[in-house]
Amino acid sequence: MKTENQTPTNNHDDQANFVVKMRLSAKLILMTVLILAAAIITLAILVINTGAKIIDQGTEADALEYVEEAANHIGQAIAGNLATLNEVARRESITSMDFATQAAALADSIERLGYQDIAVMDLNGHAKYLVGGGEFDSWGEFWYEEGFKGNNSVSDVAISKVTKEPVVFDVAPIIKNGQVAGLLVGRRDPTFLKNIVNNLGDGTNKYGMVISESGLMMAHPNDQLILDQTNVFDNIEKDGPNA
């Protein structure tokens, strides 16, 4: 994969960027898997009952309600992270687009905000981390493209070009004089949704997970599946729907 890489907001436009949608994935129906997708990253909460062969209407309704409730928790967590980063991106010290000023303003806040580091990306797609100083270039990944369009976004689990480890990126546009002047890119541990997922189901017959629209695992009780960038669609193609 070619990738690099909580203060709520009252901005209705930002909130509108994170509308949660429900849909069923035809590929996963054979696994009796229920999927709920979110607009920014198209996340899916999958509730799997390994003992069930047939889901009756009552069970399916209960499962859908459970999935929707779980998805709301995850959606709120991600939306809150993006809202916080968006607020930071609006600060005068950040919109100055002076790297030294930006680094001084955020150096003591990065860990508190839940990030490993935060980078500033210019309009050419070149980015530099405020604390670690590592630099990288964007190759047109969707989360950066959305940022340059003026939208907040979250990446799939991606391999950082700087740390060479799996990570997740939060992206917020830096707006100056009404125009996008650059991006604020927060780098997170890829298992940041673990605490929410661990509270879903019983961990054995029923458990929660989050996948991206492309099938990449975003959250699961087994961290290794995230670190290995497991793709559920690849597993279905290789091992069949019951793998």
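Placed above this text is the structure.
Residues numbered from 1 in each chain as written. Predicted model: local features only at pLDDT ≥ 70, side-chain atom pairs only at ≥ 80, totals over all residues. Heavy atoms only, no water.

Asker: Before we go on, may I ask you to explain the overall build of the protein chain in this structure?
Answerer: Secondary structure summary: the protein chain contains 9 helices and 14 strands in total. With 243 residues in all, the protein chain has 47% of them scored as buried. Looking at the protein chain as shown, the accessible area adds up to about 11900 Å², and 48% of this sits on carbon and sulfur atoms. (Helix = DSSP H or I, 4+ residues; strand = E, 2+ residues; numbered from the N terminus. Buried < 20%, exposed > 50% of the residue type's maximum accessible area, 1.4 Å probe, protein only. Areas by Shrake-Rupley, 256 points an atom, 1.4 Å probe, with all protein chains shown as cover.)

Asker: What is the right way to look at the side chain of S138 in this model?
Answerer: Looking at the secondary structure, you find S138 in the loop between β8 (135-137) and α6 (142-148). A distance of 3.1 Å separates a polar atom in the side chain of S138 from the backbone nitrogen of G140. Sequence-distant contacts of S138, defined by excluding residues within four places in its chain, comprise M121, G125, Y144 and K161. (Polar contact = N/O pair within 3.5 Å; in protein donor to acceptor, adjacent residues only side chain to side chain. Contact = heavy atoms within 4.5 Å.)

Asker: Got a minute to help me understand unusual backbone geometry in this structure?
Answerer: Where the residue is not glycine, phi is negative for most of them; where a peptide bond is considered, it is trans in most cases. Although it is not a glycine, N177 adopts a positive phi angle of roughly 55°. Tracing the backbone shows N177 in the loop between β11 (166-176) and β12 (179-188).

Asker: Got a minute to help me understand the environment of D223 in this structure?
Answerer: Mapping D223 onto the fold places it in helix α8 (residues 223-227). Between the C-alpha atoms of D223 and K194, which are 29 residues apart in sequence, the distance is 8.1 Å. With near-sequence residues (within four places) excluded, D223 lies in contact with T191 and K194.

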